[in-house]
Amino acid sequence: GLSISLASNSFAQNQKKQMVIDTNNSSFEKEKTADEIAESNDEKSVNKMGKFYLGIDALYQNSILSGSAKNPYNYYENHTSPIAIFAGYDNQDFFKIESYYSKSNEKNQISNSENFSTYDLRTKTLGLDFKPYLTFDKKSQASFYLIFGLNYNKIDIAEFNETKIYGIFGNPVSTKITSHNSTVNKISPTFGLGIEYLFYKNFNLRFQYKRNFVNAKIKNSAVLNEVKLIETLGIGVSHAF
């Protein structure tokens, strides 16, 4: 009878200990779960908050030109590789608003025994873009976006021509110099598209194409009538903070 009662008491005590342990474990798990939920909610709230970013683009720029009697592509260099800097705001849900600035300067020289000419085409662009996007990979935050923008463009052209006039015996007797300069300021719409993804911590890599509908008339030029379009193809890196 004594051994049975001892075994019974031992079993009861073990049960009480186990209940205490289970209760402690259960409360610990509840606290852990509550902490995890709180952390998850904090992360969601942080992710839903907007963020600002800065970056730089390396561009390939192509200007679509038109002339009258002369072909402007025979005189002007319309391809260039400018750099653009940009800053923007991402609402972390649907869209970005971004401003940027780029500048290019291309000079083409044409010379022979009788003539020496230079043709300068300089552009400055200050823009504001609205970028609605769709995230298709949450892990890398990869997204596809459209670009709807408005640009302020300043376009400068300078044409210089020096012609030697020869005498009867083939010796140059005089030089004729002519020059044309023109500056156009134009506000124009822009459309484009791009793709972007997170490649390291807060750094994003992007590829984008933009079409700037400049339609800037050039008044004082012997060659160039209009800068119709400016196309840019770029690769850029941005940092969010």
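The rules we used
Residues numbered from 1 in each chain as written. Predicted model: local features only at pLDDT ≥ 70, side-chain atom pairs only at ≥ 80, totals over all residues. Heavy atoms only, no water. Phe/Tyr/Trp six-rings, centres within 6.5 Å; stacked < 30°, edge-to-face > 60°. Buried < 20%, exposed > 50% of the residue type's maximum accessible area, 1.4 Å probe, protein only. Lys NZ or Arg CZ within 6 Å of the ring centre and 35° of its normal. Patch = residues over 30% accessible without salt bridge, like charges linked within 9 Å, V, L, I, M, F, W, Y side chains within 5 Å. Areas by Shrake-Rupley, 256 points an atom, 1.4 Å probe, with all protein chains shown as cover. Salt bridge = Lys/Arg side-chain N within 4 Å of Asp/Glu carboxyl O. Helix = DSSP H or I, 4+ residues; strand = E, 2+ residues; numbered from the N terminus. 1 Å grid on protein atoms, 1.4 Å probe; cavity = no way out; pocket = protein on both sides within 12 Å on 5 of 7 lines; lining within 4 Å. Points joined across faces, edges and corners; volume = space filled by probe spheres on them. Nonpolar A, V, L, I, M, F, W, Y, C, P; charged D, E, K, R; others polar. Polar contact = N/O pair within 3.5 Å; in protein donor to acceptor, adjacent residues only side chain to side chain.

**Q** Let's hear about the packing of aromatic side chains: which residues, and what values?
**A** A complete count under the given rule lists nine aromatic pairs for this structure. On the numbers, 6.1 Å between centres and 75 degrees between planes, the contact of Phe94 with Phe95 is edge-to-face. We classify Phe94 as partly exposed; its relative accessible area is 45%. Each ring, one from Tyr200 and one from Phe203, has its centre 6.4 Å from the other, and the planes form 25 degrees; the classification is stacked. On the accessibility criterion, Tyr200 (45% relative accessible area) is partly exposed. Overall, Phe203 belongs to the partly exposed group, its relative accessible area being 31%. Aromatic rings pair up to connect Tyr75, Tyr76 and Tyr119 into one cluster. Across from the ring centre of Tyr53, 5.2 Å away, lies the NZ or CZ of Lys96, which sits over that ring.

**Q** Which residues make up a nonpolar patch on the surface, and what values go with them?
**A** Taken together, the side chains of Phe136, Phe144, Leu193, Ile195, Tyr197, Phe199, Tyr200, Phe203, Phe207, Ile235 and Val237 define a hydrophobic patch exposed on the protein surface, amounting to about 980 Å² of accessible area. At the level of secondary structure, the elements contributing two or more residues to the nonpolar patch comprise β7 (172-200), β8 (203-212) and β10 (224-240). With five residues, β7 is the largest single contributor of residues to the nonpolar patch. Inspection of the secondary structure puts Phe144 in strand β6 (residues 142-166). For Phe144, a relative accessible area of 39% puts it in the partly exposed group.

**Q** Run through empty space enclosed by the protein, naming residues and quoting values.
**A** Unfilled space is identified by rolling a water-sized probe across the atoms. The tally for this structure, following the rule as stated, stands at two cavities of 30 Å³ or more. Of the voids in this model, the largest cavity is the one considered here, and its volume is about 160 Å³. Contributing to the lining of the largest cavity are 17 residues, with Leu59, Tyr100, Ser102, Lys210 and Thr232 lying nearest its centre. Looking at the lining of the largest cavity, the elements that each hand over two or more residues are β1 (51-67), β3 (83-90), β4 (95-111), β8 and β10. Residue contributions to the lining of the largest cavity peak at four residues, all from β8. Class assignment for the residues of the lining of the largest cavity results in five nonpolar, eight polar and four charged. Taken as a whole, the second largest cavity spans an internal volume of roughly 40 Å³. Lining the second largest cavity are Gln61, Ser63, Glu77, Asn78, His79, Thr80, Ser104, Glu106, Leu121 and Thr123. Of all the elements in the fold, those that place two or more residues in the lining of the second largest cavity are β1, β2 (79-80), β4 and β5 (115-137). Across the lining of the second largest cavity, the residue classes break down as one nonpolar, seven polar and two charged.

**Q** An account of the pattern of salt bridges is requested, with residue identities and associated values reported.
**A** Note that side chains of opposite charge can pair when their charged atoms are close. If you walk through the whole model with that rule in mind, you get eight salt bridges. Of the charged contacts, one joins Glu196 and Lys96 as a salt bridge, the two residues approaching to 2.3 Å between their closest N and O atoms. Of this pair, Glu196 sits in strand β7 while Lys96 sits in strand β4, placing them 100 residues apart in sequence. Each member of the pair Glu196 and Lys96 is classed as buried. One continuous salt-bridge network, built from bridges that share partners, spans Asp57, Glu98, Lys131 and Arg206.

**Q** I'd love a proper account of the environment of Asp137, names of residues and values included.
**A** Note that Asp137 resides in strand β5. For Asp137, a relative accessible area of 32% corresponds to the partly exposed category. Measuring from C-alpha to C-alpha, the distance between Asp137 and Tyr197 comes to 8.7 Å, with 60 residues separating the pair along the chain. In terms of polar contacts, Asp137 uses its side chain to reach the side chain of Ser140, at 2.9 Å.

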